[in-house]
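So the chains spell out like this:
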Amino acid sequence: MIRLVTQLWSAWDKFWFGERSLLNLAIFRIVLCLTLGVLYLTRSRDVVLYFTDQGILPRALALDVYVDFSRPPFLLTFWADSWTVAVHWVLVVGTFALALGLGGRVVNALVWFLHLAFLQRNYAIAFGADLIGGLLLFLMIGTQSCARLSVWNWFREKKLGRTPELPVRSDMATGAFYRLLQFQLMAVYAWTGWEKLKGASWWDGTALWTVLANPQLAVFEMGWLRHFPLIVAVLTTVTWIFEIYFPVLVWNPRIRPWLLGFGVCFHLGIGALMALWGFAFVMISPYILFLSEDWFQRLKMRQNPRLSSILTIFSRY
Amino acid sequence: MRIVAKTLLSIFVFYQSMCIWLLPNALGFLGRYFETALVPYGNLISLNTPWNLFSPDPANTMYFSAVLHFNENHEPPVLETFFPPEKVQLVTDSSARRLLYAMRYLFMDPRRIDVLLAPWLCRSYPLATEVSIRQVINKIPTLDKVLISKDRSIADLRETDEGYAQMYSCANFETSHDPGASR
């Protein structure tokens, strides 16, 4: 019995608290924060319209737009309307600072808090990218996301006159939160797929037609797809199969590169056809957390000397 | 010390994992069973979200049409506007596109039109006395239908439906949009 418990604890310990690639984490941080930063930056001209009493939603009604079951207990937006533009700029600057690797967990926590406060202030205008991005930001607080690929490391090198010592091993919390980030992505895919199975058109294989023939959603005129109904049926079915089986298949090392490659094409396709670039990159960003630790070394060892030297400089910080 | 930290972290990852996996279906039995333990935390961090992206079925083209009525000496006395302003056209600008999302959110529950859209339109047009709002749904023909009707264009096959429609007096919202009410 004791042996079984010891073995279980050992497996748990290895799974949750094992070492993680800080380089993967840093690339994830850069992609996520640049994406969210651009989303915040583009909405900055509409801050008054979206987040003040002069706009669509008065503060007094901010929590009323939630359905009862998911309503937050209180509004985190503590500042007066006159401060909204300034606070939004703090969020924009903070997000880009985090993308550069500045501020670590403290700036990460501040950015997440402000992100959530703006999300609560007007939930009606939230994108899927805002919701998922916010959860990823939250879980990233527990990690050493700024340990590598940080402007701070470059600055230290200039100050010290030599390459600073970078952390080699991830800490315990990083291990656990790295796994939770993976879990979050898996859960989003699984539930998105399961929810689709409730809809007759996804089961029927025609749902993507409704999406692509909708002029409010599709960038291009996609009416020509009526002449290729098989494409619609295959893409519709592949979509929910990919989403439902992602959480299982991603743990198979042989299938993983193909699955992630497909996922990248899938999201870039959505981005291109529906101008949902924010959603595409927020979803792609945690993919890097599923790559093995040595993928970057293998890439560096490629024959191309220019690429190799760029990557060597890149990874020094 | 390390073992204490690891135990505390283990409790947290177990709890967070439960939230991640159960809250997307918080109204299901397991969600209701663990409601008091999971839902308040999930609501606080916006984790209590069903991941129903384009589901259960993708939405049709839709928008709000609003007719604003002004006093007799106002020119024009009646003005029609749309929400989102682009009506059925695609908006690629990510910030402007948020209005499209807001419209879909308001569409789901007519009470949101009463408490949000109508007062906002009255605030946007301070000289308006009444506003008449109606939901317009421009139904996309099914794939089967366009395959059967090969000689007809997709635009021809679209059907327009009207949903909730209501007239509001802007005088009723005057107290609720007092700027002094804002912090």
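Residues numbered from 1 in each chain as written. Chains lettered and ligands numbered in written order. Predicted model: local features only at pLDDT ≥ 70, side-chain atom pairs only at ≥ 80, totals over all residues.

**Q** Just checking my understanding: could you explain the overall build of chain B for this structure?
**A** Along the backbone of chain B there are 7 helices and 4 strands. Counting from the amino terminus, helix and strand elements in chain B follow one another as α-α-α-β-β-α-α-β-α-α-β. Compactness check: chain B gives a C-alpha radius of gyration of 23 Å against a globular reference of 16 Å for 183 residues, more than 25% above the reference. Overall, chain B is about 80 × 60 × 30 Å in size when its C-alpha atoms are taken along their principal axes. Within the span of chain B, comprising 183 residues, buried residues form 29% of the whole. (Helix = DSSP H or I, 4+ residues; strand = E, 2+ residues; numbered from the N terminus. Rg over C-alpha atoms; globule rule 2.2 N^0.38 Å. Buried ≥ 20, exposed ≤ 12 C-beta atoms within 10 Å, placed from the backbone.)

**Q** Could you clarify how one ought to interpret the sheet that holds strand β1 (residues 61–70) of chain B in this entry?
**A** The pairing of strands in a sheet comes from backbone hydrogen bonds and takes either a parallel or an antiparallel form. Residues and elements named next belong to chain B. Spatially, β2-β1-β3-β4 is the arrangement adopted by the 4 strands of the open sheet, whose pairing is antiparallel. Here the strands that pair on one side only, and so sit at the sheet edges, are β2 (78–83) and β4 (159–169). Averaged over neighbouring strand pairs, the angle between their axes works out to 20° when direction is ignored. In the sheet, strand β3 (residues 128–139) pairs with β4 via 9 bridges, with the strands oriented antiparallel. For Ile137, the partnering residue across the bridge sits in β4 and is Asp161. (Pairing = 2+ DSSP bridges. Axes fitted to C-alpha atoms, helices over the stretch in contact; angles between N-to-C directions.)

**Q** What is the right way to read the environment of B:Gly31 from this model?
**A** All names here are of chain B. As for its position among the elements, Gly31 is in helix α2 (residues 29–33). Its 18 C-beta neighbours within 10 Å are what place Gly31 among the partly exposed residues. As for Gly31 and Trp21, which are separated by 10 residues in sequence, their C-alpha atoms are 9.7 Å apart. With residues up to four places along the chain from it excluded, the contact list for Gly31 reads Leu22, Leu23, Asn25 and Ala26. (Contact = placed C-beta atoms within 7 Å.)

**Q** Just to check I follow, could you spell out the confidence of the model for chain A for this structure?
**A** The predicted coordinates of low-pLDDT regions are not to be read in fine detail. Looking at chain A, pLDDT values average 93 and 99% of them are 70 or higher. Summarising per-element confidence for chain A, the mean pLDDT is lowest in helix α15 (residues 305–316) of chain A (72) and highest in helix α4 (residues 84–99) of chain A (98). (pLDDT = per-residue confidence, 0-100.)

**Q** What exactly am I supposed to notice about helix α5 (residues 110–124) of chain B here?
**A** Think of an α-helix as 3.6 residues a turn; residues three or four steps apart then line up on the same face. Residue and element names in this part refer to chain B. Between its terminal C-alpha atoms α5 stretches 20 Å, which fits the 21 Å expected from 15 residues at 1.5 Å a residue. A maximum bend of about 25° is found in α5 at Leu117, where proline Pro119 lies one to four positions downstream. Within α5 the residues assigned to the buried category are Ile113, Leu116, Leu117, Ala118, Pro119, Trp120, Leu121, Cys122 and Arg123. Looking at the packing, one finds that the buried side of α5 touches β1, β2, α4 (94–107), β3 and β4. (Expected span 1.5 Å × (residues − 1). Bend = angle between axes of the 7 residues up to and from the residue.)

**Q** Explain the domain arrangement of chain B here, please?
**A** A common measure of how large an interface is: the accessible area buried when the components associate. Domain boundaries assigned for chain B yield domain 1 (2–44) and domain 2 (61–176). Using C-alpha coordinates to define each centre, domain 1 of chain B is positioned 40 Å away from domain 2 of chain B. (Domains from an automatic or database assignment.)

**Q** I keep staring at the pairing of β1(B) and nothing clicks. Help me out?
**A** Along any regular strand, the residues point their side chains to alternate faces of the sheet. Residue and element names in this part refer to chain B. In the sheet, β1 pairs with β3 via 10 bridges, with the strands oriented antiparallel. Bridge pairing in β3 places Val67 opposite Ser132. Pairing analysis gives 6 bridges linking β1 to β2, with the strands arranged antiparallel. Bridged to Val67 within β2 is Glu80.

**Q** I keep staring at the nonpolar core and nothing clicks. Help me out?
**A** Where a protein is soluble and globular, its nonpolar side chains tend to be buried together. One finds B:Leu117 and B:Val131 to be the most contacted residues of the largest nonpolar core, which totals 114 residues. Ranked by residue count, the leading element in this core is helix α2 (residues 22–43) of chain A, at 11 residues. Every residue in contact with B:Val131, bar those within four places of it in the chain, is listed here: B:Ala66, B:Leu68, B:Ala118, B:Leu121, B:Cys122, B:Tyr168 and B:Cys170. (Core = buried A, V, L, I, M, F, W, Y, C linked by C-beta atoms within 7 Å.)

**Q** What exactly am I supposed to notice about the environment of B:Val91 here?
**A** Within the element layout of this structure, B:Val91 appears in the loop between β2 and α4. If we ignore the near neighbours within four places in the chain, the residues touching B:Val91 are B:Pro84, B:Glu86, B:Ala96, B:Arg97 and B:Leu100.

**Q** Looking at this structure, how should I read unusual backbone geometry?
**A** Outside of glycine, negative phi angles account for most residues, and trans bonds account for most peptide bonds. Of note, the amide linkage connecting B:Ser55 to B:Pro56 takes the cis form, showing an omega dihedral of 0°. For B:Pro56, the position within the fold is in the loop between α3 (35–44) and β1. A cis geometry characterises the amide bond from B:Phe83 onward to B:Pro84, with omega recorded as 0°. Mapped onto the fold, B:Pro84 is located in the loop between β2 and α4. Unlike most non-glycine residues, A:Ala275 shows phi in positive territory, near 55°. Relative to the helices and strands, A:Ala275 resides in the loop between α12 (256–274) and α13 (277–284). In this structure A:Ala275 comes out as partly exposed when scored by C-beta crowding, with 19 C-beta atoms within 10 Å. Backbone geometry at B:Lys87 places phi at a positive 60°, although glycine is not the residue there. Examined against the element boundaries, B:Lys87 turns out to sit in the loop between β2 and α4.

**Q** Please clarify how the packing of α2(A) against α13(A) should be interpreted in this entry.
**A** Between two packed helices, what matters for the description is the angle formed by their axes and the separation of those axes. Residue and element names in this part refer to chain A. In the contact formed by α2 and α13, the axes pass within 8 Å of each other and the chain directions differ by 160°. Taken together, the axes of α2 and α13 are roughly antiparallel relative to one another. The element α2 and its partner α13 pack so that their crossing is left-handed. Of the residues in α13, those touching α2 at Val31, Leu32, Thr35 and Leu39 are Gly278, Phe281, Val282 and Ile284. (Parallel < 35°, antiparallel > 145°, perpendicular 65-115°, else oblique. Left-handed = near helix turned anticlockwise from the far one by under 90°.)

**Q** How should the packing of helix α8 (residues 172–197) of chain A against helix α11 (residues 229–249) of chain A be read in this particular structure?
**A** Residue and element names in this part refer to chain A. One can describe the packing of α8 onto α11 by two numbers: an axis separation of 7 Å at closest approach and a directional angle of 140°. By the criterion of interaxial angle, the relationship of α8 to α11 is oblique. In this structure, α8 crosses over α11, and the sense of that crossing is left-handed. Only Trp240, Glu243, Ile244, Phe246 and Pro247 of α11 make contact with α8, whose side of the interface consists of Met186, Tyr189, Ala190, Thr192, Gly193, Trp194, Lys196 and Leu197.

**Q** Help me understand the interface of chain A and chain B, please; the structure alone is not making it clear to me.
**A** The partner chain B presents 56 residues to the 69 residues of chain A that form the contact. Contributions of two or more residues to the side of chain A that touches chain B are made by α1 (2–17), α2, α5 (104–121), α6 (128–140), α8, α9 (200–204), α10 (207–212) and α11 of chain A. Per element, the largest residue contribution to the side of chain A that touches chain B is 12 residues, and it comes from α8(A). In terms of residue class, the side of chain A that touches chain B is built from 43 nonpolar, 14 polar and 12 charged. (Nonpolar A, V, L, I, M, F, W, Y, C, P; charged D, E, K, R; others polar.)

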